[in-house]
Amino acid sequence: MTQAVAATTASAHGAGGFTFFGLFSDPKYTTLERGALLAVLAIAVIGLLYAWMLAVQVKAADQGTKRMQDIAAAVREGADAYLAAQFRRILPLIFIITAILYFTTQSDIAAFKFGRAGAFAVGATFSWLVGFVGMRLATIGNLRVAAAATRSYGEAMQLGYRTGTVTGMLTDGLGLLGGTLIFIAYGEQAYEALLGFGFGGTLLALFMRVGGGIYTKAADVGADLVGKIEKNIPEDDPRNAATIADNVGDNVGDCAGMAADIFESYEVTIVAAMILGLATFGHKGVIFPLLVRGIGVLGSIISTYTVKAGANDTSDTALKSVHNGFWIGSFISVTGFIVLGWYYLRFDAAYLTTNPMAVAGFPNGDPTQLPAWASFGIANADMRPVITCFIGVVLAIALNKVTSYYTHTTHTPVKSMAKACQTGHATNIIQGFAVGYESTVATVVVIAVAILLSFLCYAGTPPLFVAYGVAMTGIGMLTLTGNTISMDVFGPVADNANGIGEMGYDAQAMEAKEKGSYKRARQILSDLDAVGNTTKAETKGIAIGSAVIAAVSLFASFIAVIAVGSEDKISEMTTAQYLAEAGKLTVAHPMVFIGFLIGGAVPFLFSSMLIRAVGRAAFLIVKECREQFRDKEIWAGTKKPNYGRVVDICTSAAQHELIGPGFLAILTPVAVGFLLGTQALGGFLAGMILTGQLLAVFMANAGGAWDNAKKFIEDGNYGGKGSEAHKAAVTGDTVGDPLKDTAGPAVNPLIKVMNMVSLLALGVVIKYNIITGTGNRWIGFVVALVCVAAIGWSVWQSKRESKELQEMEKQFQN
């Protein structure tokens, strides 16, 4: 770029040249821009206050009978105990990584070292808070929803949705608060701190997804195989020893895990947009996505509060209300984008003088030469960031529709799987694979079209501008994070409420008080559960799509850092440098192809570790449930099963498997980078993004379709509950459980963790890799050997049972 940029960068990175909160004295920033950043902070706080207000409303609701409260308390205690054990296990690793990030920062300025390490710790803390609070509110809200169902469908539905909204707004508020504070503190030198913040959130999300996913599906598979297939009893029959563990799993897996997952997507997309925005359009490229997210928070507050249902509504009208809330939020957000862009995205001569990197983004360096569709006919205006945000909103809606088509009971794919159940277990599995593979193609086409449209908006500009357009698509896609998580968490809350109703309702007392009230309340909970299954399935498509968009954006940053040698020189990069480096990433180059193959294989190895863990724990749970059912008093319902025994099996399995997949995600890109060089690492990331996305979509949609094929039959089709077709459907559901709720969702944070690790380690990889390193290559060789050894240990460990599980298996054999 120009000498002015180089001078700016040099002064900022020189000894003692950095000042915290320097943008308040920097003449480049107008008073309006400083005020807008403070307004974004205020909006983030408002979002958190709105979450607190809803939490108070949920907690104040009726808690039902003593019996219902006892069941909910058992679920809550199990969830609390699991997350506490998980936190104790990963806390030492967080401290170690924080120290590593501090000492490996490629800068002598203490503020940058502290910023990267400190922001990592803050990001990890925020991610854990979102997961923990989301889980805690879910275990409070499920009881209130079950109690409200005895009075009104509308009251129960609203309580369930607002329970989810608490988690959604917490995600919105903390994500926006963290990104904005980092930029206000570090200004244009926020690159390192932003990466640390994103990595912290992503890593914790990975652990929450892995541990929670193993827990929830081990319990679910065990409960279904023994309860539904062998004993032909309902899902939440209190005689089933796995029932409490199953409900605990819904909270630690679906609530805590998904909340942390979407939070890290929220973090990573804003990190990518801010980094690329600074390297392209200057400070306006950073401030605009923050303002967009602020508009999104306001849109989510307004739209989520409009979601209501009438006293006698059905699942169809309730689902329509949830979708209408999303549409209202989308309208508010898009309108806000346009108005904001209209007034803010003006690039006059004075701005281009102080931010010369932006010149390359316009035809002949002149904003007035932009076509009318890009400027909306406004002099010096550039509305392309607005258009790409709109593309992101449309992408989120399109992914919702695609996922709904392949997983909802009203559409052909799920009906075809239910039909296949008439001829047995195997034909259901075969049809499920076909549906899952086809859904992957549809999802890929939708994402590819969105990226293509973003590319066309910036066609003819340098590659980093194109990458910024893709990043802004991610910003638009997750603008309504509050709505997305509200929809997702509503699913497990309704599921848990249904379980509490089945185990805790006193049918005789309810019927004595009002005839027909028991049947009506059970139907309300069943309908809410059906709505929750649909909304939860729809949000998985958004989570996967956001992972791909964020990964593509970060990949552009990766190439840029290699092209100029270090992250602090990105703004000095020329187009020729970028294209020269990108041109080296061809599969015709052996190192790139080797990296591509390794990267493509990692998601499969990662998934196998998680699925094996679920199967191993489910094996013991099935044996435990069979053993307890042999007790005639338990089968007669006169004796309470030992629920704690199954909870212990799930907890032990999840904790045992927690660290291994994390090591695989963190250390594999480091090992590839030091052993094979930066080009191989680029190929590794490309292969990992491609196969990871395809695998995640297949597992999520196939599993969701198997689940709803079972529900379709349970609604009375093809013989209904207890029929041979139902047993075949339950088998499909149990096969799909670890795919859709364990391995599939965990691949999302895996993709982003590997991207973040690659970016954070790139400086030392460039210097010490054994292929082209400029420093002491023996350092790289030793680090690579340690990483390979740790990865080998992780894989070996994943094939071994923990001591606790080994002891339990011996007890069964005896």
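Everything below is about the structure shown above.
The structure displayed is predicted, hence computed values, not measured ones. Note on numbering: residues in each chain are counted from 1, in written sequence order. Restriction of local features to residues with pLDDT of at least 70 applies here, the model being predicted, together with a cutoff of 80 or more for giving and counting side-chain atom pairs; totals for whole chains, interfaces and linings are based on all residues. Side-chain numbers come from the whole structure's heavy atoms, not from hydrogens or water.

How should the layout of surface pockets be read in this particular structure?
Rolled over the atoms, a probe sized like a water molecule indicates the empty space that remains. Approximately 790 Å³ is the volume attributed to the largest pocket. Secondary structure follows DSSP: runs of H or I at least 4 residues long count as helices, runs of E at least 2 residues long count as strands, and numbering of each begins at the N terminus. Secondary structure elements with two or more residues in the lining of the largest pocket: helix H9 (315-344), helix H16 (481-504), helix H18 (517-564) and helix H24 (678-714). Counting residues per element, the lining of the largest pocket draws most heavily on H18, at nine residues. Residues are grouped as follows: Ala, Val, Leu, Ile, Met, Phe, Trp, Tyr, Cys and Pro are nonpolar; Asp, Glu, Lys and Arg are charged; all remaining types, including Gly, are polar. Partitioning the lining of the largest pocket into residue classes produces five nonpolar, 13 polar and 13 charged. Using protein atoms alone on a 1 Å grid, points that fit a 1.4 Å probe yet trap it form a cavity, whereas open point sets bounded by protein on both sides within 12 Å along at least five of seven lines form a pocket; residues with an atom within 4 Å of a point count as lining. Grid points are joined across faces, edges and corners, and a volume is the space filled by probe spheres set on the points.

In this structure, what is going on with the packing of aromatic side chains? I would like to understand it.
Where two aromatic rings form a pair, the distance of their centres and the angle of their planes describe that pair. Centre distance within 6.5 Å is the pairing criterion for rings of Phe, Tyr and Trp, where only the six-membered ring of Trp is used; planes under 30 degrees apart are then read as stacked, over 60 as edge-to-face, and the remainder as tilted. Scanning the entire structure with this criterion turns up 29 aromatic pairs. Where Phe281 meets Phe465, the ring centres are 5.1 Å apart and the plane angle is 90°; that geometry is what we call edge-to-face. Of this pair, Phe281 sits in the loop between helix H7 (243-280) and helix H8 (283-305) while Phe465 sits in helix H15 (residues 463-477), and the two are 184 residues apart along the sequence. Here Phe281 and Phe465 have matching classes, each one buried. A ring pair is formed by Phe347 and Tyr351, whose centres lie 5.4 Å apart and whose planes are at 75°; its orientation type is edge-to-face. One exposure class covers both Phe347 and Tyr351, and it is buried. Partly exposed residues are those whose accessible area sits between 20% and 50% of the maximum for their type, while under 20% is buried and over 50% is exposed, using a 1.4 Å probe and protein chains only.

I'm lost on the nonpolar core in this one. Help?
Of all hydrophobic cores here, the largest spans 276 residues; its most connected members are Phe199 and Phe288. Aside from chain neighbours lying at most four places away, what touches Phe288 is Leu340, Gly341, Tyr344, Leu345, Pro385, Val386, Cys389, Tyr468 and Met472. To define a nonpolar core, start from buried Ala, Val, Leu, Ile, Met, Phe, Trp, Tyr and Cys residues and group those joined through side-chain atoms within 4.5 Å. The criterion used for residue contact is that any of the two residues' heavy atoms lie within 4.5 Å.

What exactly am I supposed to notice about the packing of H8 against H15 here?
When two helices pack together, their arrangement is given by the angle between their axes and by how far apart the axes lie. Helix axes are fitted only over the stretch in contact, all axes being lines through C-alpha atoms; the angle between N-to-C directions runs from 0 to 180 degrees. The N-to-C vectors of H8 and H15 enclose an angle of 15°; their axes lie 10 Å apart at closest approach. Classified by the angle between their axes, H8 and H15 sit roughly parallel to one another. Relative to H15, H8 is oriented so that their crossing is right-handed. The segment H8 lies against H15, with Gly285, Phe288, Pro289, Val292 and Arg293 engaging Tyr468, Met472, Gly474 and Ile475. Across the contact of H8 with H15, the residue classes tally to six nonpolar, two polar and one charged. With respect to orientation, any angle under 35 degrees is reported as roughly parallel, any angle over 145 as roughly antiparallel, any angle of 65 to 115 as roughly perpendicular, and every other angle as oblique. Crossing handedness is read from the near helix: turned anticlockwise from the far helix by less than a right angle, it gives a left-handed crossing, and turned clockwise, a right-handed one.

What is the right way to read a nonpolar patch on the surface from this model?
Patches here: salt-bridge-free residues with over 30% relative accessible area, like charges joined within 9 Å, nonpolar side chains (Val, Leu, Ile, Met, Phe, Trp, Tyr) joined within 5 Å. With residues, only the protein chains shown are counted as cover, and all accessible areas are computed by Shrake-Rupley using a 1.4 Å probe. Think of a salt bridge as a Lys or Arg side-chain nitrogen and an Asp or Glu carboxyl oxygen that are within 4 Å of each other. There is a patch of nonpolar side chains on the surface, built from Val441, Val445, Val449, Leu452, Leu453, Phe455 and Leu456 and spanning about 600 Å² of accessible area. Tracing the backbone shows Leu456 in helix H14 (residues 425-457). Take Leu456: its relative accessible area is 46%, and that puts it in the partly exposed class.

Where do I start with unusual backbone geometry in this structure?
Glycine aside, a negative phi is what most residues show, and trans is what most peptide bonds show. Here the phi dihedral of Phe21 falls at roughly 55°; this positive angle occurs in a residue that is not glycine. Structurally, the position occupied by Phe21 is in the loop between helix H1 (3-13) and helix H2 (31-60). If you check the backbone angles, Phe376 has positive phi at about 55° while not being a glycine. Looking at the secondary structure, you find Phe376 in the loop between helix H11 (372-375) and helix H12 (384-407). A relative accessible area of 35% places Phe376 in the partly exposed class.

So what exactly am I meant to see when it comes to empty space enclosed by the protein here?
For the coordinates displayed, the defined rule picks out five cavities of 30 Å³ or more. In this structure, the largest cavity encloses a volume near 150 Å³. Of the residues forming the lining of the largest cavity, the biggest block, four residues, is contributed by helix H25 (residues 724-768). Within the lining of the largest cavity, the residues separate by chemical class into no nonpolar, one polar and 17 charged.

Before we go on, may I ask you to explain the environment of Ile562 in this structure?
Position of Ile562 among the secondary structure elements: in helix H18. C-alpha separation for the pair Ile562 and Asp707, spaced 145 residues apart in sequence, amounts to 45 Å.

Is there a simple way to explain the pattern of salt bridges in this structure?
Summed over all chains, the structure comprises 27 salt bridges. Asp80 is the salt-bridge partner of Arg136, the closest N and O atoms lying 3.4 Å from each other. You can see Arg136 sitting in helix H4 (residues 110-148) and its partner Asp80 sitting in helix H3 (residues 66-103), a full 56 residues away along the chain. Judged by relative accessible area, which is 28%, Arg136 ranks as partly exposed. Note that Asp741 is salt-bridged to Lys740, the shortest N-O span being 2.5 Å. A single burial state applies to Asp741 and to Lys740, both of which are buried. Among the charged side chains, a salt-bridge network with shared partners connects Lys217, Asp220, Asp707, Lys710, Lys711, Asp733, Asp737, Lys740 and Asp741.

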